[in-house]
Amino acid sequence: MSEPVTIGRATLYNSDCRDILPTLGKVDAVVTDPPYGINAARDRKSEQWGWKDYPQSGWDKERPDASCFAAVLAAARYQIIWGGNYFTDRLPANHMGKWLIWDKGQEGFSLADAELAWCNFDGAIRRINYHRAKALQDGKEHPTQKAVEVMKWSIDQLPKPSATILDPFLGSGTTGVAAVQMGRDFVGVEADPVFFDIACRRIEDAQRQRDLFLESAA
Ligand SMILES: C[S@@+](CC[C@H](N)C(=O)[O-])C[C@H]1O[C@@H](n2cnc3c(N)ncnc32)[C@H](O)[C@@H]1O
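Residues numbered from 1 in each chain as written. Predicted model: local features only at pLDDT ≥ 70, side-chain atom pairs only at ≥ 80, totals over all residues. Heavy atoms only, no water.

- Going by an unreviewed UniProt entry, the protein carries the name Methyltransferase and comes from Sphingopyxis bauzanensis.
- Taken verbatim from the UniProt record of the protein, the Sequence similarities (unreviewed entry) comment is "Belongs to the N(4)/N(6)-methyltransferase family."
- Entered under Catalytic activity (unreviewed entry) in the UniProt record, the comment concerning the protein runs "a 2'-deoxyadenosine in DNA + S-adenosyl-L-methionine = an N(6)-methyl-2'-deoxyadenosine in DNA + S-adenosyl-L-homocysteine + H(+)". (UniProt positions renumbered as here; feature names shortened; annotations may be inferred.)

1. Points about the packing of aromatic side chains
Line of reasoning, step 1. Enumeration over the complete set of coordinates arrives at five aromatic pairs.
Line of reasoning, step 2. On the numbers, 6.1 Å between centres and 75° between planes, the contact of Tyr 36 with Phe 87 is edge-to-face. Of this pair, Tyr 36 sits in the loop between strand E3 (27-32) and helix H2 (66-74) while Phe 87 sits in the loop between strand E4 (76-82) and strand E5 (97-103), and the two are 51 residues apart along the sequence.
Line of reasoning, step 3. Note on Tyr 36: relative accessible area 8%, which makes it buried.
Line of reasoning, step 4. Using a relative accessible area of 0% as the deciding quantity, one classes Phe 87 as buried.
Line of reasoning, step 5. For the pair Phe 69 and Phe 87, a centre-to-centre distance of 5.0 Å together with 55° between the ring planes defines the contact as tilted. Of this pair, Phe 69 sits in helix H2 while Phe 87 sits in the loop between E4 and E5, placing them 18 residues apart in sequence. Each of the two residues, Phe 69 as well as Phe 87, counts as buried.
Line of reasoning, step 6. Taken together, the ring pairs connect Tyr 36, Phe 69, Tyr 86 and Phe 87 into an aromatic cluster.
Line of reasoning, step 7. Over the ring of Trp 102 we find Lys 104; its NZ or CZ atom is 5.0 Å from the centre of that ring. (Phe/Tyr/Trp six-rings, centres within 6.5 Å; stacked < 30°, edge-to-face > 60°. Helix = DSSP H or I, 4+ residues; strand = E, 2+ residues; numbered from the N terminus. Buried < 20%, exposed > 50% of the residue type's maximum accessible area, 1.4 Å probe, protein only. Lys NZ or Arg CZ within 6 Å of the ring centre and 35° of its normal.)

2. Points about the UniProt feature "domain: DNA methylase N-4/N-6" (unreviewed entry) in the protein
Line of reasoning, step 1. Those residues carrying the UniProt feature "domain: DNA methylase N-4/N-6" (unreviewed entry) are residues 118-199 in this numbering.
Line of reasoning, step 2. This span, residues 118-199, is 35% helix and 22% strand, and a straight line between its end C-alpha atoms measures 24 Å.

3. Points about the nonpolar core
Line of reasoning, step 1. Counting residues in hydrophobic clusters, the biggest one holds 57 residues, and the most contacted among them are Leu 12, Ile 80, Trp 82 and Leu 158.
Line of reasoning, step 2. With residues near it in sequence (within four places) discarded, Leu 12 still touches Pro 4, Val 5, Ile 7, Leu 170, Phe 186, Gly 188, Phe 196, Cys 200 and Ile 203. (Core = buried A, V, L, I, M, F, W, Y, C linked by side-chain atoms within 4.5 Å. Contact = heavy atoms within 4.5 Å.)

This is the structure:
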C-alpha cells in the first residue's frame, strides 16, 4: 500500500479501495462514480465529444463486487453513487430513496442521454441540466469523466452539509476538485497510477486557485 499524497485538505491514495477503506475511519459522505462494467475504456474510433484513445484499458470491464460495495457503504452515513442503475442488484433497495439525474442536454446520441445516481437517503428525485459540450470544457482526461459542476451539485444534494467527502473510485479527480472548490475535506482513492497522477494535478490546481481566491478576498 503506497503512502497517501496530501494536497491542502485532500488526502489521496494510489491504491485499490478494497485495501484502503477498512483503514479509514467513517467519513460524512461518499460521493462516487464506480466502474459500470460497460467497457467504457474501449477505443470508440472517434474523437467526437472528447472520445480518444486512452492508454488505460480493462478498468471498466467488471463492476465492483458485493463485498466492495459493502465496504463503500460502511464508510459513510450518506452515500451518492453515480451509475446506480448499473448496480441495482448490488445496492440496497431504496423504494423511498432519492435519485439524482444528470441530463446531458442531448437526445439519441450513441452514449446515454442522462446518468443516474443512487442515494441512500430519502428525498424527491432531482435533476441537473448540464450539457455534455459544457462538461468537455473542464478538459477531458478520463473516458468517463464527470463534470465538476455536476459533482458540486451532487455534494449540495447531501442531507446535511458534509465536512469530509470520500470518493473511492476517484478517476481523474473530479469529486476532489468539486470538494476543494467547496472548501470541504476530501479523501480519494484511485487504483490506476496514470489516472491518479491526473487527479493529483487537477486537485492541486483547484487548491491553488482556491488559495489565491481566499488570499485576494482577505
Ligand atoms: C467511472 S471511473 C471514475 C471517473 C471519475 N468520476 C472522473 O470524473 O474522472 C472509475 C475509476 O475507478 C477506478 N477503479 C476501479 N476499481 C478500483 C478499485 N478497486 N479501487 C480504486 N479505484 C478503482 C478506475 O481506474 C476508474 O478510474
